[in-house]
Each structure stands twice: as C-alpha cells, then as structure tokens.
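# An overview of the molecular structure
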Amino acid sequence: MCGTENQAATNGTTKHLSSPSSSTDVVLNLDHGDPTVYESYWKRIGEKCTVVIKGSELMSYISDVRKPCWFLEEKFESVIKRLHRLTGNAVVDDRYVVVGTGSTQLFQALLYAITTTDASLGGTGGGPDQLPVPVVCAAPYYSQYAEETDYLRSGLYKWAGDAYAFDKDGPYIEVVTSPNNPDGTTREAVVIHNGDQGKVLYDMAYYWPQYTPITRPADHDIMYFTFSKSTGHAGSRIGWALVKDEAIARKMTKFIELSSIGVSKDSQIRAAKIMEVICEDYQDFKHHQNSNHFFEYARKLMENRWKRLREVVARSNVFSLPKYSQEYCLFHGECTESYPAFAWLKCKEEGVEDCEKLLQEYKILGRGGKRFGSDPSYARVSILSREEVFQQFLERLEIIKGNTN
Ligand SMILES: Cc1ncc(COP(=O)(O)O)c(C=O)c1O
C-alpha cells in the first residue's frame, strides 16, 4: 500500500502559521487515490450492475487458448473495445488486449516483456550478460513506478529516475503518464535518443472524459488503462493493455501466468457488466448530455470539486495550484478544462519548505513532492475521496494561513 495510516499527522505547530483546528479531528488520508468519489453514482444505479455468478461458472483457469492472452474473457474484451469506441480515447483496432490484476501488474508485465531475452518467448535482446535496462519517467512522476521497478531487484531492468536527466546510450524504457499523476498535465515522451533503442509505455489511467478533454484517440504501440480510475472500481483490481506487437502481448501473458496464473474471471465479468451498463446508457445519442450518464455525472462532480478547491486556494496566501488550459473535448463536444484526480499543491509561503509536513500539522495526509522526483515544496492530495472527507479537507485547507495575514 502506498501510504499507511500510522503515518498519522504530528500535532506540531509552525511558528508563523495558525494552529490546527480541534485535536479531535480525524486524520484525512488523502495520500492515495482511492476513487470512492464515484460511489454516489453507483448507488444511484442500484441493481442494474449486479452480477450473479453460479457456483458452477467461471471455474477453469482458461478462457480461450487461441488468444495470446489465454485468460482474457471474451465479454470483457468486447466491452472494453466498446467503451473506448464510445469515449473515443483510444484506437482499439489491430491491437492485442492483455488483462491484468490492475494496471500495476501490467506495468510490471511490460517491463518483463520488453526486457526479457528468452527467444522462446519472442525475445530479441542480448544474452544473459545484458545490463539491466534503465526505466525513466519525466519528473514529477507517479511515485510507485520507482518502487515497483526496483522492488524485486530484477536483473532485467532498473529504475533510472527523471527522463529529462537521462542521457545514456543503449536500450531504455520511458513511461509516459498522460494525463500525469501527480500534476494532471498532458504529456509526450521526452527522451531524445539516437537510434531506435527506446520503448515507450503509455500509462493512460486518467485519459477519460471526467478528468481531461479527449482530444484524439490515443494510438500508441503500448498503452494501458485501469478500471480503478475509469469507473472507480479499484477493488476489482482490473486493468488492460492495448498492444500492437503480438510477441509483447505473449510475454506479458507469460509474466502474468507466472505471477498469478491469470486474472480473476469474476472480476473481469463484473467489470464487463459495469462498463456494459455505461455503454448501454449512451446508446441513444440524443441524451449524450444527460447528467445521469456516467461520464457526464463524473465530470460535473470533478468540475465542482475543482471549483471549490480553487476558491479556497485563491483565498490562501500559502498554496497555489497548476492551471490547465481549455481544449475541445471530442467526447463532450465542447471546450473543457482538466479536472485531475489529484491536486498538486505548491506551498509558496516563504520559510515553509515541506508541504507534506505542513499539511500533516492539520491532519491532512498527502504525499510530498520528493517521492515524485520533485521538490518538497509540493504535495499531492487526492481529490477522489467521499464528499464528507473532501469537504473537511477544504475546511482544513482554509484555516492554514501564512504569517503575512
Ligand atoms: C498513473 C497510475 N498508474 C497506475 C496506477 C495503478 O492502478 P491500478 O489500480 O490499476 O493498479 C495508478 C493508481 O493510482 C496511477 O495513478
């Protein structure tokens, strides 16, 4: 788990800042992006998404041995393609689909697939003496990439930090997160390299119409998405990759086979049902603007949260937030702004160097800039909590005043 509850806030005060509110306040854990914000929508939907699985069903490990990803459920594959066609956020034709236990597993499967040299699996790399392939991402980057890459001390790849600072020759892997976690920006690859030795992985967890304008269908060779951030069902642990190269799809499948012999079919069927309900609701395009439809509802919700957050930050002389320009969204058919899943708060108060620590004094758990390869004057705070937690967060942010007040 990313952050832990026992990182509980200290109750210290900083000389030039007003004191935290009542000590009975609970700690607001906004350290990780647990997407409970969408619970309200799915409660309204009620029984429509209920899935019943008989004791005799989904028992086999296998779904379809003719496919490179032999544990991929047919229904899941067809519904994710339908959802991408509906939102217009990714090209799905001529792609292999690989399902994973969250996109966390897919990221690791991709590192393995790209760097493994086993010829029987379609590997093309060097021999057993090859050096670990550097893995980079432009800072500020999603903090988990570093931990996931180095956790098992693989001999195949190793974390090499900020892509802007990378200048080595030879093979490398660049991860592009777009929109980016933590700062919500739209991104492209940044490593400029001689030759054709780099592979780019596009982590598109937040390329959905509630977070950002959909400006074109993403058309990369390797891209992956997650059920966690698209619909909010993080607990099902489902992600999927769309890859052009069959050999990569097969090697990813091998990795998942070795680590978990496939991916829960129960989860794939549940995910398929939920995404099918979303698609069915959009069947009648006359009602595209209907706020009962998931992506309209979710966008309004995110827009409302960002409006309230920006109002509080505008009154603050301690914090600032990134600005996002408007772009035409092909899905919504209008110009929209970005409403990222996280607030990338900058503490601009002179003499306060550690934004995470400052928030902790007010019992707000965020994640400090250093973890993202950035400056400690930044902290990332989740916007995806339940409403009451978000409201408390705003109230606490409001009372943090600088000494110039
Ligand atoms: C950019 C990014 N990639 C991947 C993940 C992991 O998602 P999953 O729940 O699918 O493992 C997250 C989760 O916060 C994320 O922000």
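Residues numbered from 1 in each chain as written. Predicted model: local features only at pLDDT ≥ 70, side-chain atom pairs only at ≥ 80, totals over all residues. Heavy atoms only, no water.

## Observations concerning the packing of aromatic side chains
- Using the criterion set out here, one finds 26 aromatic pairs in the structure.
- Aromatic side chains Tyr38 and Phe294 sit 5.5 Å apart centroid to centroid with 70° between the ring planes, which places their arrangement in the edge-to-face category. Linking Tyr38 in the loop between strand 1 (28-29) and helix 1 (39-45) with Phe294 in helix 8 (residues 294-315), this pair joins segments that are 256 residues apart in sequence.
- By relative accessible area, which is 1% here, Tyr38 ends up buried.
- Between Trp70 and Phe71, the aromatic rings sit 5.0 Å apart at their centres with planes inclined by 85°, giving edge-to-face as the arrangement. As far as burial versus exposure is concerned, Trp70 and Phe71 are alike and both buried.
- Here the aromatic cluster, defined as three or more aromatic residues joined through ring pairs, consists of Tyr38, Tyr41, Trp42, Phe76, Trp208, Phe225, Trp240, Tyr282, Phe294, Phe295, Tyr297 and Phe331.
- Seen from the ring of Tyr378, Lys346 lies directly overhead, with NZ or CZ sitting 4.8 Å from the centre. (Phe/Tyr/Trp six-rings, centres within 6.5 Å; stacked < 30°, edge-to-face > 60°. Helix = DSSP H or I, 4+ residues; strand = E, 2+ residues; numbered from the N terminus. Buried < 20%, exposed > 50% of the residue type's maximum accessible area, 1.4 Å probe, protein only. Lys NZ or Arg CZ within 6 Å of the ring centre and 35° of its normal.)

## Here we look at the packing of helix 3 (residues 102-115) against helix 6 (residues 246-260)
- Look at helix 3 against helix 6: their axes get within 8 Å of each other, and the N-to-C directions meet at 120°. Considering their axes alone, helix 3 and helix 6 lie oblique with respect to each other. At the point where helix 3 passes helix 6, the crossing takes the right-handed sense. Residues Gln105, Leu106, Gln108, Ala109, Leu110, Tyr112, Ala113 and Ile114 of helix 3 lie in contact with helix 6, whose contacting residues are Ile248, Lys251, Met252, Lys254, Phe255, Ile256, Ser259 and Ser260.
- Tallied by class, residues from the contact of helix 3 with helix 6 come to ten nonpolar, four polar and two charged. (Axes fitted to C-alpha atoms, helices over the stretch in contact; angles between N-to-C directions. Parallel < 35°, antiparallel > 145°, perpendicular 65-115°, else oblique. Left-handed = near helix turned anticlockwise from the far one by under 90°. Contact = heavy atoms within 4.5 Å. Nonpolar A, V, L, I, M, F, W, Y, C, P; charged D, E, K, R; others polar.)

## So, the side chain of Ser143
- Mapping Ser143 onto the fold places it in the loop between strand 3 (133-137) and helix 4 (144-150).
- On the accessibility criterion, Ser143 (1% relative accessible area) is buried.
- A distance of 2.6 Å separates a polar atom in the side chain of Ser143 from a polar atom in the side chain of Arg367.
- Not counting chain neighbours up to four residues away, the residues in contact with Ser143 comprise Arg367, Arg371 and Phe372. (Polar contact = N/O pair within 3.5 Å; in protein donor to acceptor, adjacent residues only side chain to side chain.)

## Brief notes about the packing of helix 8 against helix 10 (residues 387-399)
- Where helix 8 meets helix 10, the axes come as close as 9 Å, and the angle between the chain directions of the two elements is 15°. One way to sum up the angle between helix 8 and helix 10 is to call them roughly parallel. Crossing angle aside, the handedness with which helix 8 passes helix 10 is left-handed. Where helix 8 approaches helix 10, its residues Arg305, Arg308, Leu309, Val312, Val313 and Arg315 are matched on the opposing element by Glu387, Phe390, Gln391, Phe393, Leu394, Leu397 and Glu398.

## Section: the site of the ligand
- In the vicinity of the ligand, 13 residues are found, and the nearest of them are Thr104, Asp203, Tyr206, Thr226 and Lys229.
- In the environment of the ligand, an oxygen atom lies 2.7 Å from a nitrogen or oxygen atom belonging to the backbone of Ser103.
- Between the ligand and Asn181 there is a distance of 2.8 Å, counted from an oxygen atom to a side-chain nitrogen or oxygen.
- Within the complex, 92% of the 400 Å² of free accessible area of the ligand lies under protein.
- In terms of residues, the shell around the ligand owes the most to one element, helix 3, which gives three residues.
- Looking at the shell around the ligand residue by residue, the classes come out as three nonpolar, seven polar and three charged. (Near = heavy atom within 4 Å. Areas by Shrake-Rupley, 256 points an atom, 1.4 Å probe, with all protein chains shown as cover.)

## What about the nonpolar core?
- In this structure, Trp240, Leu309, Phe319 and Phe393 are the most contacted members of the largest nonpolar core, which totals 113 residues.
- Ranked by residue count, the leading element in this core is helix 8, at ten residues.
- Those residues in contact with Phe393 that sit more than four places away from it in its chain are Leu28, Leu30, Leu309, Leu345, Ile364 and Val381.
- One finds Ala138, Ala163, Tyr172 and Val191 within the second-largest nonpolar core, a separate group that totals six residues. (Core = buried A, V, L, I, M, F, W, Y, C linked by side-chain atoms within 4.5 Å.)

## A word on the sheet that holds strand 14 (residues 367-368)
- Across the sheet, which stays open at both edges, the four strands sit in the order 9-12-15-14 with antiparallel pairing between neighbours. With one partner strand each, in any of the chains shown, strand 9 (319-320) and strand 14 form the two edges of the open sheet.
- Note that strand 14 and strand 15 (residues 378-382) share two bridges and pair antiparallel. From the neighbouring strand, Gly368 faces strand 15, where its bridge partner is Ala379.
- Its contacts with the sheet put helix 8 on strand 9 and strand 12 (342-347), and the angle it makes with strand 12 is roughly 5°. (Pairing = 2+ DSSP bridges.)

## Section: the sheet that holds strand 2 (residues 96-101)
- If you walk across this open sheet you meet the seven strands as 2-8-7-6-5-3-4, and the pairing is mixed. Looking along the sheet, the strands with just one partner apiece sit at the ends: strand 2 and strand 4 (157-162). On average, adjacent strands in this sheet sit at an angle of 25° to one another, irrespective of strand direction.
- Of the strand pairs in this sheet, strand 7 (residues 222-226) and strand 8 (residues 238-243) are connected by five bridges, and their pairing is antiparallel. Residue pairing in the sheet places Ile222 in a bridge with Val243 of strand 8.
- Packed on one face of the sheet, helix 3 meets strand 2, strand 3, strand 4, strand 5 (172-177), strand 6 (198-203), strand 7 and strand 8 and runs near 160° to strand 7.

## Focus on the pairing of strand 7
- With five of its five residues buried, strand 7 lies for the most part within the structure.
- Where burial is concerned, the two faces of strand 7 agree: the one with Ile222, Tyr224 and Thr226 and the one with Met223 and Phe225 are both buried.
- Direction of pairing for strand 6 relative to strand 7: parallel, over a ladder of two bridges. Within the sheet, the bridge partner assigned to Asp203 lies in strand 7 and is Tyr224.

## Describing the side chain of Lys265
- Note on placement: Lys265 falls in helix 7 (residues 265-281).
- Given the relative accessible area of 9%, Lys265 is considered buried.
- A polar contact is formed between the side chain of Lys265 and the backbone oxygen of Ser60, at a distance of 2.9 Å.
- Those residues in contact with Lys265 that sit more than four places away from it in its chain are Leu58, Ser60, Tyr61, Ile62, Ser63 and Glu73.

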